Amino acid sequence: MTSLRRAAVTAALAFVLPLPIVAAAPAFATAAPPSAAAPASVGSVVSLPRPTGPYAVGRDLLHLVDRSRQDPWVPSAGARQLMVSMYYPARAGSGTPAPYMTTEEARLFLAAKAPGSGIPPETMADTGTWARADARPVGGRFPLVLLSPGFTFPRAAFSGIAEDLASRGYVVALIDHTYESTGVTFPDGRTLECAICDRPPTGGPAAIAESRAKDASFVIDQLTSERSPWAHARLIDRHRIGMAGHSIGGDAAAMTMAADRRVQAGVNMDGTFFAPVPATGLGGRPFLLFGAQPGETPGTDPSWDDAWAALDGWKRRLTVVGGEHGTFSDLLIIARAVGIPAKPGAIDPVRGVEITRTYLGAFFDQQLKGKPEPLFDGPSPDMPEVTVQLP
């Protein structure tokens with residue numbers, strides 16, 4: 001698994017596009033009764049599993065430009081530009097259905113990950129979501145969680161995680177790291193393709209993780225500024241910030257914490273530490289290692305063993321039996337929906353997403369909201385697929 005993850009950072013990861021069961025209608029504490037609820041895209045071939053928290057979910061798209069930094073991968077492009085999907089607790093019934101991704105983003109993703117599959121880009125682009133664009137936010141202030149996708153993966157592939165966290169009472173900034181995913185569409189209609197997927201940059205994967213840490217800190221700067229470009233920035237409690245990432249994004253979460261004290265808790269979902277956790281640790285802040293079997297069981301990835309030894313705060317190491325690299329995203333659900341079979345012995349895609357949501361939500365509830373979570377005390381009878389390593 002480690003070798004597969006390394007290949008994913010230096011070349012396009014082999015795509016396993018599994019598909020989700022069409023989800024039942026979502027029910028929120030602030031929404032209409034379950035029978036009246038429906039996913040944001042009712043006519044979709046597939047819908048993401050409904051969020052589990054008490055809030056309805058809003059989503060805004062944010063275009064950010066870091067004029068203090070030249071793009072690291074395409075210097076001729078000028079200032080570093082990012083697209084960020086902002087998820088937040090919203091008032092039920094407000095807003096309009098939020099699309100999963102653009103058709104061009106879907107086309108580029110399928111061309112890179114499933115060439116010759118015959119899957120229409122519209123099928124993937126029209127995946128049903130539960131978020132509503134331009135929805136009215138609820139009152140209050142909420143912790144901020146940043147999400148960084150796996151290398152080559154568009155941010156949309158982690159929509160299900162973002163929606164669930166927002167429904168639980170978080171503001172979520174889901175970042176697309178420009179020129180590092182198969183394609184990202186900007187407000188002017190341009191869709192920028194990956195510039196380094198086939199040509200690793202100088203410094204290799206570690207340089208990617210370090211650049212993403214700069215992206216993340218810039219996003220925090222923008223969202224917590226007195227003149228934030230996001231209209232609902234008042235929802236953010238700037239004293240409670242966490243970050244999670246998948247694959248190279250998980251490495252970036254640790255790198256961000258090492259460089260930015262504002263990030264109080266972090267998660268690496270199945271990502272090799274190309275840029276290692278500092279030998280001095282992360283200043284006693286909590287960090288969760290959340291991996292798939294067999295790639296992240298103790299002794300199989302030296303970078304995880306080194307990280308485990310270096311972490312100097314609260315820590316746990318979870319392994320999902322039957323998990324795959326894509327288990328922590330929407331992709332295996334979508335793949336199954338379009339008829340791509342799962343690997344033998346793999347965990348059910350919807351169950352994998354359920355496990356991911358449960359443990360991420362519990363981690364941030366404990367670390368950012370102060371809610372004790374027995375899930376991390378040892379094996380759970382409700383989650384027998386997850387092994388827990390204690391310090």
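Residues numbered from 1 in each chain as written. Predicted model: local features only at pLDDT ≥ 70, side-chain atom pairs only at ≥ 80, totals over all residues. Heavy atoms only, no water.

Caption draft 1: Inspection of the nonpolar core at higher detail. Counting 61 residues, the largest nonpolar core has Leu146, Val171, Val219, Leu223, Trp230 and Phe287 as its most contacted members. The biggest single contributor to this core is helix α5 (residues 204–224), with 10 residues. For Trp230, the contacting residues outside a window of four places in its chain are Asp60, Leu62, Met86, Tyr88, Val171, Leu223, Leu235 and Ile236. Among the nonpolar cores identified, the runner-up in size contains 54 residues, and Ala166, Ile347, Phe364 and Val386 belong to it. (Core = buried A, V, L, I, M, F, W, Y, C linked by side-chain atoms within 4.5 Å. Buried < 20%, exposed > 50% of the residue type's maximum accessible area, 1.4 Å probe, protein only. Helix = DSSP H or I, 4+ residues; strand = E, 2+ residues; numbered from the N terminus. Contact = heavy atoms within 4.5 Å.)

Caption draft 2: Spotlight on the state of the cysteines. Throughout the structure, instances matching the rule amount to 1 disulfide. Two residues share a disulfide in this structure: Cys194 and Cys197, whose sulfurs sit 1.9 Å from each other. Measuring the twist about the S-S bond at about 100 degrees, one finds the Cys194-Cys197 disulfide to be right-handed. Cys197 sits in the buried class, given a relative accessible area of 9%. (Disulfide = S-S within 2.5 Å.)

Caption draft 3: Structural context of the packing of aromatic side chains. What the rule picks out here adds up to 13 aromatic pairs. Residues Phe273 and Trp304 carry aromatic rings whose centres are separated by 6.3 Å and whose planes lie at 55 degrees to one another, so their mutual orientation is tilted. In this pair, Phe273 sits in the loop between β10 (265–269) and β11 (287–292) while Trp304 sits in helix α7 (residues 302–310), placing the two residues 31 residues apart along the sequence. Residue class for Phe273 comes out buried when judged on its relative accessible area of 5%. Owing to a relative accessible area of 0%, Trp304 belongs among the buried residues under this scheme. Seen in terms of ring centroids, Phe363 and Phe364 are 5.1 Å apart; in terms of plane orientation they differ by 70 degrees. Their pairing is edge-to-face. For the pair shown, Phe363 and Phe364 are each scored as buried. Against the face of Phe153 rests Lys113, its NZ or CZ located 5.0 Å from the ring centre. Its end group placed over the ring of Trp308, Lys315 keeps NZ or CZ at 4.6 Å from the ring centre. (Phe/Tyr/Trp six-rings, centres within 6.5 Å; stacked < 30°, edge-to-face > 60°. Lys NZ or Arg CZ within 6 Å of the ring centre and 35° of its normal.)

Caption draft 4: Up close: the pairing of strand β2 (residues 79–90). Judged by how many residues are buried, β2 sits mostly within the fold: 11 of 12 residues are covered. Pairing of strand β1 (residues 56–70) with β2, which is carried by 12 bridges, proceeds in the antiparallel orientation. Each residue of the ladder has a partner; that of Val65, found in β2, is Gln81. Bridge count between β2 and strand β6 (residues 171–176): 5 bridges; the pairing is antiparallel. Within the sheet, the bridge partner assigned to Met86 lies in β6 and is Ala173. (Pairing = 2+ DSSP bridges.)

Caption draft 5: Spotlight on the pattern of salt bridges. Counted by the stated rule, this structure contains 20 salt bridges. With a closest N to O distance of 3.2 Å, Glu180 and Arg80 form a salt bridge. With Glu180 in the loop between β6 and β7 (183–185) and Arg80 in strand β2, the pair connects residues that are 100 residues apart, well separated along the chain. For Arg336, the salt bridge is made with Asp348, and the minimal N-O distance between the two is 2.5 Å. Of this pair, Arg336 sits in helix α8 (residues 331–337) while Asp348 sits in the loop between α8 and α9 (349–369), and the two are 12 residues apart along the sequence. One continuous salt-bridge network, built from bridges that share partners, spans Arg69, Asp71, Arg80, Glu180, Arg212 and Asp215. (Salt bridge = Lys/Arg side-chain N within 4 Å of Asp/Glu carboxyl O.)

Caption draft 6: View of the environment of Thr52. Tracing the backbone through its elements, the reader meets Thr52 in the loop between α1 (2–10) and β1. Counting along the chain gives 115 residues from Thr52 to Ser167, while the straight-line C-alpha distance between them is 6.7 Å. If we skip the residues at most four places from it in the chain, Thr52 touches Asp164, Ser167, Arg168 and Arg357. Looking at Thr52, its side chain comes within polar contact range of the side chain of Asp164, at 2.7 Å. A distance of 3.4 Å separates a polar atom in the side chain of Thr52 from a polar atom in the side chain of Arg168. (Polar contact = N/O pair within 3.5 Å; in protein donor to acceptor, adjacent residues only side chain to side chain.)

Caption draft 7: Representation of the sheet that holds strand β12 (residues 315–320). The strand order β3-β4-β1-β2-β6-β5-β9-β10-β11-β12-β13 describes an open sheet built from 11 strands, whose pairing is mixed. Edge positions in the open sheet fall to β3 (96–97) and β13 (386–389), since each of these has one partner strand only. The pairing of β1 with strand β4 (residues 131–133) spans 3 bridges and is classified as parallel. Across the sheet, Arg59 pairs through a bridge with Ala133, a residue of β4. Sheet contacts for α7: β10, β11, β12 and β13; angle to β12, the most-contacted strand, approximately 155 degrees. Together, β5 (142–148), β9 (236–246), β10, β11, β12 and β13 form the strand contacts of α9, whose direction differs from that of β10 by roughly 160 degrees. (Axes fitted to C-alpha atoms, helices over the stretch in contact; angles between N-to-C directions.)

Caption draft 8: Fine view of the packing of α5 against helix α6 (residues 248–259). Two elements in contact, α5 and α6, have axes separated by 8 Å at closest approach and are oriented at 60 degrees. Overall, the two elements α5 and α6 adopt an arrangement that is oblique. The hand of the α5/α6 crossing is right-handed. Contact residues: Pro205, Ile208, Ala209, Arg212, Ala213, Ala216 and Ser217 in α5; Ile248, Gly249, Asp251, Ala252, Met255 and Thr256 in α6. Of the residues in the contact of α5 with α6, the class split is 8 nonpolar, 3 polar and 2 charged. (Parallel < 35°, antiparallel > 145°, perpendicular 65-115°, else oblique. Left-handed = near helix turned anticlockwise from the far one by under 90°. Nonpolar A, V, L, I, M, F, W, Y, C, P; charged D, E, K, R; others polar.)

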